[in-house]
Amino acid sequence: RNYFLDESLLEGKRVLISAGPTQESLDPVRYITNHSSGKQGYAIAKAAKRMGAEVTLVSGPVHLPIPEGVKPVFVTSAQEMFTAMKEESVQADYIIMAAAVADYRPAVAAQDKIKKTGEDLVLKMVRNPDILAWIGQHKAPNQIVCGFAMETRDLDQNAREKMIKKNCDLLIANNLKTPGAGFQTDTNVVTIMTQDHLEHLPKIAKEDLGVLILKTMKEIEKER
Ligand code: CTP
Ligand code: CA
């Protein structure tokens, strides 16, 4: 494969990307989150900008600089990310959901710091909205949607089920247990799938994967 970067391929295209983890507040000093670094989503945003697109990046809390020329929208919780994505998706051509959204949040975010009392603490959590599923359900005929899937087993089958259930045109699946894949690395090892195609890719730099995703979205659009 070649990851040649055509600097005008996405001219006139509006690309919306989500990245990073979400933080779910427990009380004023504590939250629940995950290990997402935001690197994959930020790398896609950078690639999209270099390919000539107008890029919006909805980002959870991460320690990365916003790529030059990219419009940032900063959010903290899954609910905030949902609101931002609904608003920004209206004017997007390509939507890429690379964020690691928390599936659950604490049922109540306490107003005051939770004091330690007994020997154990039971926490009640409630489901967060599924942002990608909402986007898939509401996508316009001209919009192309790419999801991600993080699996630790039965990757191809689980990922395909997610792609279909969430009405994505494209899905990038990674196995957290593969060396060179996952959260803090600059590389990724993924399976790329569309409705009628599946390919296991060798280890790839996250920005090259961004180029590949965007090229594939362009191909899907052309074939419509
Ligand atoms: N996603 C989302 N909103 C959520 C949870 C997930 O938009 N509340 C998106 C992720 O950004 C990703 C895709 O859905 O693009 C798949 O996320 P993943 O965690 O792999 O799958 P889930 O559907 O959450 O299922 P599970 O975690 O139970 O495997
Ligand atoms: Ca999940």
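Thresholds, definitions, all that
Residues numbered from 1 in each chain as written. Chains lettered and ligands numbered in written order. Predicted model: local features only at pLDDT ≥ 70, side-chain atom pairs only at ≥ 80, totals over all residues. Heavy atoms only, no water. Donors = N, O, S within 2.8 Å, 3.2 Å for Na, K, Ca; no water. Helix = DSSP H or I, 4+ residues; strand = E, 2+ residues; numbered from the N terminus. Salt bridge = Lys/Arg side-chain N within 4 Å of Asp/Glu carboxyl O. Buried < 20%, exposed > 50% of the residue type's maximum accessible area, 1.4 Å probe, protein only.

By the naming in an unreviewed UniProt entry, the chain goes by Coenzyme A biosynthesis bifunctional protein CoaBC and is assigned to Faecalicoccus acidiformans.

Novice: What exactly am I supposed to notice about the coordination of the calcium ion (ligand 2) here?
Specialist: A metal bound by six donors in octahedral fashion has ideal angles of 90 or 180 degrees, whereas one bound by four tetrahedral donors has an ideal angle of 109.5 degrees. On the protein side, the calcium ion (ligand 2) has D103 (OD) and D103 (OD) as donor atoms, found 2.5 to 2.6 Å from it. Note that D103 resides in the loop between β6 (94-97) and β7 (104-106).

Novice: In this structure, what is going on with the pattern of salt bridges? I would like to understand it.
Specialist: Two side chains bearing opposite charge may form a pair once their charged atoms approach each other closely. Using the criterion set out here, one finds 13 salt bridges in the structure. For the salt bridge of R14 with D93, the shortest nitrogen-to-oxygen distance reads 3.5 Å. Of this pair, R14 sits in strand β1 (residues 14-19) while D93 sits in the loop between α2 (78-89) and β6, and the two are 79 residues apart along the sequence. Since its relative accessible area comes to 8%, D93 is described here as buried. Between E219 and K222 there is a salt bridge, and its shortest N-O distance comes to 3.5 Å. Residue E219 and its partner K222 are located together in helix α5 (residues 206-223), separated by 3 residues, close to a single helical turn. K222 gets classed as exposed once you look at its relative accessible area, which sits at 57%. If you follow the salt bridges from partner to partner, you end up with K46, R50 and E207 in one network.

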